[in-house]
Amino acid sequence: MESGSSSSSKEYDVIVLGAGVEGSSTAYNLTKNGGGRVLLLEQFSALHTRGSSHGGSRITRRAYTKAYYIKMMDEAYRMWDQIEREGKTQLYLDTGLLMFGPKSSHCLQDAIRCLAESGTPHNRLSAQQVMSKYPSQLYLPFNHEGVFEKDGGLLMATKAVATLQRLFIENGGEFLDGHKVKEITPGPIIRVTTDQGVFTARRLIITAGAWAPAIMATLGVHLPFKVCRTEVLYWKAEEPKDFSWENFPAFICYTDSEDPYYHVYGLPIYEYPGLVKICFHTNHNEVDPDARDALPGPSTTDLVRPFVQRHFKGVQTTPSIYEACMYTESPDEDPVLDRHPLYPNIIMGAGFSGHGFKLAPVVGKILTELALDLPPSYDLAPFRLDRFTWQSPAKL
Ligand SMILES: Cc1cc2nc3c(=O)[nH]c(=O)nc-3n(C[C@H](O)[C@H](O)[C@H](O)COP(=O)(O)OP(=O)(O)OC[C@H]3O[C@@H](n4cnc5c(N)ncnc54)[C@H](O)[C@@H]3O)c2cc1C
């Protein structure tokens, strides 16, 4: 995809580096909020599958274990709704969200507490009540419980990114895909050198996903992030209607951290006919993002299979489809949304730790506010860079 003129050395008010969901949302937000001339640069072709934002579905929910995300999600729900209306397309499916796990799970209890304290509508269910609601789909041992959030559901991932990019272009933004940024020269006017030409801007927002740590290192910031390959697994349901999105919710199972399948999540049949998505969230297969698919890496199937055997009825125990994706994990699972400590006209949004899709409209708003020096709508303390040791004395 290419919009606008591609002549080199053009000057912009803001350049956004990276057109995954966070960059596309930020670029869209900028054009709606006085960002001026905005350029979105992407190294691969638009809607590629080599980053973290591709695929047919992501979970959306308010049920977080940290209260500040519940507040952000209130606005994110409204913003996704606005994007659907502007884009005249559906991006959200209200499947509901079931969280379950042993009553002793801290994560489950934190999520229930945050839902209660924020006044978010939810139903707490005993193991027996969960099994009565999903009699032909789930088995939960007696020491488990569940919580159901009606507004939880599914976001249509690639379609959402495409819609954000389309709206950005319709609002006057310029999008150049197939432009890999090779060098960034800071200054009042930032010089961004790509393999296709040079662009300049007064502000730069880096939303480069798994490539952000390497790019930020060239600017003297050493992010303590781990880039991990993860596998998306789709399992065949014997009775597809039991697992259709009308009859089965998105789900997250939190167990205890000693448990081998700590934090498994999934979505009902939606992307592929007859296939339920059941995946492992906790993942530590570190990779070079440019070589994500060079080696298959340790398979997560062996970790998810015992979970499927234990809790799911009527689902085959070998996945039919595997797909690869990447998490960019920060030590506390919160992203960095902040200015560069030395170059305040360079802003970064990275480290979404496998839960950033649903937040993208709010992330776009926050990064826009940072870029345009607008008062922040949120307390950004949890997202500051200086919560980490970011500086490598050897390199600065
Ligand atoms: C399997 C999986 C399941 C997930 N499930 C959920 C979920 O259920 N709910 C949820 O909310 N979140 C979920 N997430 C997390 C969410 O998808 C990510 O947090 C989000 O997509 C990250 O987006 P991003 O824009 O930061 O990164 P990306 O999508 O990777 O975008 C970064 C972009 O920058 C580009 N780029 C990098 N370097 C350069 C360069 N030098 N020049 C030009 N362009 C460059 C890349 O090519 C890429 O397109 C999941 C993630 C995965 C992998």
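Residues numbered from 1 in each chain as written. Predicted model: local features only at pLDDT ≥ 70, side-chain atom pairs only at ≥ 80, totals over all residues. Heavy atoms only, no water.

Enquirer: Would you mind going over the environment of R50 with me for this structure?
Expert: Assignment of secondary structure puts R50 in the loop between strand 2 (38-41) and strand 3 (58-60). Relative accessible area serves as the criterion here: at 42%, R50 is assigned to the partly exposed category. C-alpha of R50 to C-alpha of T193: the two residues are 143 residues apart in sequence and 22 Å apart in space. Apart from residues no more than four positions distant in its own chain, R50 is found in contact with F44, W211, R292 and M326. (Helix = DSSP H or I, 4+ residues; strand = E, 2+ residues; numbered from the N terminus. Buried < 20%, exposed > 50% of the residue type's maximum accessible area, 1.4 Å probe, protein only. Contact = heavy atoms within 4.5 Å.)

Enquirer: What is the right way to look at the pattern of salt bridges in this model?
Expert: Two side chains bearing opposite charge may form a pair once their charged atoms approach each other closely. Within the structure shown, the criterion is met by 22 salt bridges. R305 serves as the salt-bridge partner of D302, at 3.2 Å between the closest nitrogen and oxygen. Residue D302 and its partner R305 are both found in helix 7 (residues 301-311); the two are separated by three residues, about one turn of the helix. Look at D302 and you get exposed, because its relative accessible area is 54%. We classify R305 as partly exposed; its relative accessible area is 23%. Here the salt bridges share partners, and the residues they tie into one network are R62, D74, K150 and D151. (Salt bridge = Lys/Arg side-chain N within 4 Å of Asp/Glu carboxyl O.)

Enquirer: I'm lost on the domain arrangement of the protein in this one. Help?
Expert: Interfaces are frequently sized by the accessible area removed from exposure as the parts join. The domain architecture assigned to the protein consists of domain 1 (10-53 + 157-224 + 332-387) and domain 2 (93-152 + 226-329). Just the C-alpha atoms count here: the centres of domain 1 and domain 2 sit 30 Å apart. If you look at the interface, domain 1 gives 13 residues, while domain 2 gives eleven residues. Contact with domain 2 buries surface across domain 1, with A210, W211 and S353 losing the most and accounting together for 37% of the total. Counting across the domain 1 and domain 2 interface gives zero salt bridges. Across the domain 1-domain 2 interface, the total number found is six residue pairs in polar contact (both at pLDDT 80 or more). Class assignment for the residues of the side of domain 1 that touches domain 2 results in five nonpolar, seven polar and one charged. (Domains from an automatic or database assignment. Buried area = accessible area lost by both parts, 1.4 Å probe. Polar contact = N/O pair within 3.5 Å; in protein donor to acceptor, adjacent residues only side chain to side chain. Nonpolar A, V, L, I, M, F, W, Y, C, P; charged D, E, K, R; others polar.)

Enquirer: How should the pairing of strand 14 (residues 250-253) be read in this particular structure?
Expert: In the case of a regular strand, side chains alternate between the two sheet surfaces. Neither face of strand 14 is exposed, since A250 and I252 on one face and F251 and C253 on the opposite face are all buried. Note that strand 5 (residues 97-102) and strand 14 share four bridges and pair parallel. Residue pairing across strands places F100 opposite C253, the latter belonging to strand 14. Two strands pair when backbone bridges link them, and strand 14 and strand 15 (residues 264-267) are joined in this way by three bridges, in the antiparallel orientation. Pairing of C253 across the sheet is with V264, part of strand 15. (Pairing = 2+ DSSP bridges.)

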